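Letter by letter, the chains look like this.
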Amino acid sequence: MTSQQSKIWLIHHKARFGENSPMNYDGSEFALAIGVVAAPSLAQAVTLLDVFFESKVMELVDINSCEIYASNSFTDDLNESKEIRAGVGELDRRGVPVALACGKSSESAAAGVE
């Protein structure tokens with residue numbers, strides 16, 4: 001994590017792909033995902049997520065829910081829990097403030113891909 005005072009925020013969101021976004025692999029209009037963000041406050045976490053998306057030619061368009069990650073949560077073997085744990089690990093391993101988990105593009109959602 002980037003700071004000892006940071007919490008890890010899980011921000012369930014919708015983001016729109018820009019025309020030249022390197023994150024758009026299938027021609028989708030948007031993606032649904034969980035931002036795993038290290039920040040002292042929710043406001044700072046949302047700002048970091050915005051900056052991350054700007055760097056990927058994307059725009060945060062909706063936040064569905066936010067929660068603070070607790071190390072004793074997400075301990076089961078469900079895919080969502082595994083991806084969230086991997087995102088938390090990425091923050092530590094790479095020393096970055098933002099990782100994404102459970103991403104699903106609008107095209108994969110329309111096709112029924114889980």
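You'll find the structure just up there.
Not measured: the values here are computed from a predicted model. (Residues numbered from 1 in each chain as written. Predicted model: local features only at pLDDT ≥ 70, side-chain atom pairs only at ≥ 80, totals over all residues. Heavy atoms only, no water.)

A. How the structure looks around the nonpolar core. Formed by 15 residues in total, the largest nonpolar core has its most connected members in I11, V37, A45, L49 and F53. Elements with a contribution of two residues or more to this core: β1 (7-17), β2 (30-39), α1 (42-55) and β3 (58-68). If sequence neighbours within four positions are ignored, F53 has contacts with H13, A15, M58, E59, L60 and L100. Counting 13 residues, the second largest nonpolar core, distinct from the first, contains I34, V36, Y69 and I84. (Core = buried A, V, L, I, M, F, W, Y, C linked by side-chain atoms within 4.5 Å. Buried < 20%, exposed > 50% of the residue type's maximum accessible area, 1.4 Å probe, protein only. Helix = DSSP H or I, 4+ residues; strand = E, 2+ residues; numbered from the N terminus. Contact = heavy atoms within 4.5 Å.)

B. Region of the structure containing the environment of S73. Counting through the fold element by element, S73 comes out in the loop between β3 and α2 (79-94). Each C-alpha atom, one on S73 and one on R85, is 9.4 Å from the other, the two residues being 12 residues apart in sequence.

C. Geometry of the side chain of S28. Within the secondary structure layout, S28 lies in the loop between β1 and β2. Only 2.9 Å separates the side chain of S28 from the backbone nitrogen of E107, close enough to count as a polar contact. The contact partners of S28, leaving out residues within four places of it in the chain, are F17, S105, S106 and E107. (Polar contact = N/O pair within 3.5 Å; in protein donor to acceptor, adjacent residues only side chain to side chain.)

D. A look at the sheet that holds β2. One open sheet holds the four strands; their spatial order is β3-β1-β2-β4, and the pairing between them is antiparallel. Bordering the open sheet on either side are β3 and β4 (98-105), each of which pairs with just one other strand. Put simply, the sheet's adjacent strands are angled 25° from each other on average, direction ignored. Against the sheet, α2 engages β1, β2 and β4, with an angle of about 150° to β4. (Pairing = 2+ DSSP bridges. Axes fitted to C-alpha atoms, helices over the stretch in contact; angles between N-to-C directions.)

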